[in-house]
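# An overview of the molecular structure
What follows is each chain in one-letter form.
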Amino acid sequence: MLFDRIPGSITQLMATKTFAVGTFTRDLTAAAANVATIGVGFRPKIVLFFANVPTKTAFSVGFSDGSNHYAVYDNWVGTADTYTTTSTQCIFMIHDAAGQSQGASILSLDPDGFTLAWSKSGSPTQTATIYYLAFS
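The structure displayed is predicted, hence computed values, not measured ones.

Let us now look at the overall build of the chain. Helix and strand counts for the chain come out as one helix and ten strands. Along the chain, helices (α) and strands (β) appear in the sequence α-β-β-β-β-β-β-β-β-β-β when read from the amino end. Taken across its 136 residues, the chain has 38% of its residues classed as buried. Long-range contacts, defined here as pairs at least 24 residues apart, represent 57% of the contacts in the chain between residues at least 6 apart. When the accessible surface of the chain is totalled, it reaches about 7,200 Å², and 60% of it is carbon and sulfur.

Here is the structure:
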């Protein structure tokens, strides 16, 4: 198989089980807070996030190693059909109107997961679904 010949290949990654996938939700009406995600099974070195509000266009893809945080998000409120980047958060969603958002960066990489530091602007509503892929 082609991947068997590539150092650090997907086959090797899967054989050593150095990753975990999961999901959680975030109530966008919730106040800014630090929220832990546990049950990952190891201390991650990097986490990728895919977040959306199913009934809105709020969408974000990002990653963090605990120190560096990056995301691409749907900026439909600013300009329709555009995406914007941030280097301060790994999850960022604009919701409902300008000034209505929730975002997060990794506060810590923990022995069995990670803790997100959530921030909030304005009064966003509904619930976001966040999927993660954590690597050790």
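For the rest of this paragraph, the subject is the nonpolar core. Burial of nonpolar side chains together is a common tendency in soluble globular proteins. Core analysis: the biggest nonpolar cluster contains 23 residues, and Phe49, Ile91, Phe114 and Leu116 have the highest contact counts within it. Of all the elements in the fold, those that place two or more residues in this core are strand 1 (19-27), strand 3 (46-52), strand 7 (91-94), strand 8 (101-110), strand 9 (113-121) and strand 10 (127-135). A total of four residues in this core trace back to one element, the largest contributor, which is strand 10. In this view, phenylalanine 49 contacts Phe24, Ser60, Val61, Gly62, Cys90, Ile91, Ile106, Phe114, Leu116, Ile130, Tyr131 and Tyr132; residues no more than four positions away in its chain are not counted.

Here strand 7 shows a buried face lined by Ile91 and Met93 and a second buried face lined by Phe92 and Ile94. Two strands pair when backbone bridges link them, and strand 7 and strand 8 are joined in this way by four bridges, in the antiparallel orientation. Directly across from methionine 93, in strand 8, lies its bridge partner glutamine 102.

Strand order in the open sheet formed by six strands is 1-10-3-4-5-6, and the pairing between neighbours is antiparallel. What marks the edges here is a single partner per strand, and that holds for strand 1 and strand 6 (83-86). Across the sheet, the mean angle from the axis of one strand to that of its neighbour is 15°, orientation sign disregarded. Where strand 1 lies against strand 10, nine bridges are found, and the strand directions are antiparallel. Looking at strand 10, one finds that phenylalanine 24 is bridged to isoleucine 130.

Another point: the confidence of the model for the chain. For the chain, the mean per-residue pLDDT works out to 87, and 86% of the residues sit at or above 70. By mean pLDDT, helix 1 (residues 10-16) is the weakest element of the chain at 57, and strand 2 (residues 33-38) is the strongest at 98.

Another point: the packing of aromatic side chains. Tallied over the entire structure, the rule returns five aromatic pairs. Geometrically, the ring pair formed by phenylalanine 24 and tyrosine 132 is tilted, given 6.2 Å between the ring centres and 35° between the ring planes. Placement of the pair is phenylalanine 24 in strand 1 and tyrosine 132 in strand 10, with a sequence separation of 108 residues. Exposure remark for phenylalanine 24: the relative accessible area of 16% places this residue in the buried category. Centre to centre, the rings of phenylalanine 114 and tyrosine 132 are 5.2 Å apart; their planes meet at 80°, and the pair counts as edge-to-face. Taken together, the residues phenylalanine 114 in strand 9 and tyrosine 132 in strand 10 connect sequence positions 18 residues apart. Assigned by exposure class, phenylalanine 114 and tyrosine 132 land together as buried. Joined through ring pairs, the aromatic side chains of Phe24, Phe49, Phe114 and Tyr132 make up one cluster.

So, how was this worked out
Residues numbered from 1 in each chain as written. Predicted model: local features only at pLDDT ≥ 70, side-chain atom pairs only at ≥ 80, totals over all residues. Heavy atoms only, no water. Helix = DSSP H or I, 4+ residues; strand = E, 2+ residues; numbered from the N terminus. Buried < 20%, exposed > 50% of the residue type's maximum accessible area, 1.4 Å probe, protein only. Contact = heavy atoms within 4.5 Å. Areas by Shrake-Rupley, 256 points an atom, 1.4 Å probe, with all protein chains shown as cover. Core = buried A, V, L, I, M, F, W, Y, C linked by side-chain atoms within 4.5 Å. Pairing = 2+ DSSP bridges. Axes fitted to C-alpha atoms, helices over the stretch in contact; angles between N-to-C directions. pLDDT = per-residue confidence, 0-100. Phe/Tyr/Trp six-rings, centres within 6.5 Å; stacked < 30°, edge-to-face > 60°.

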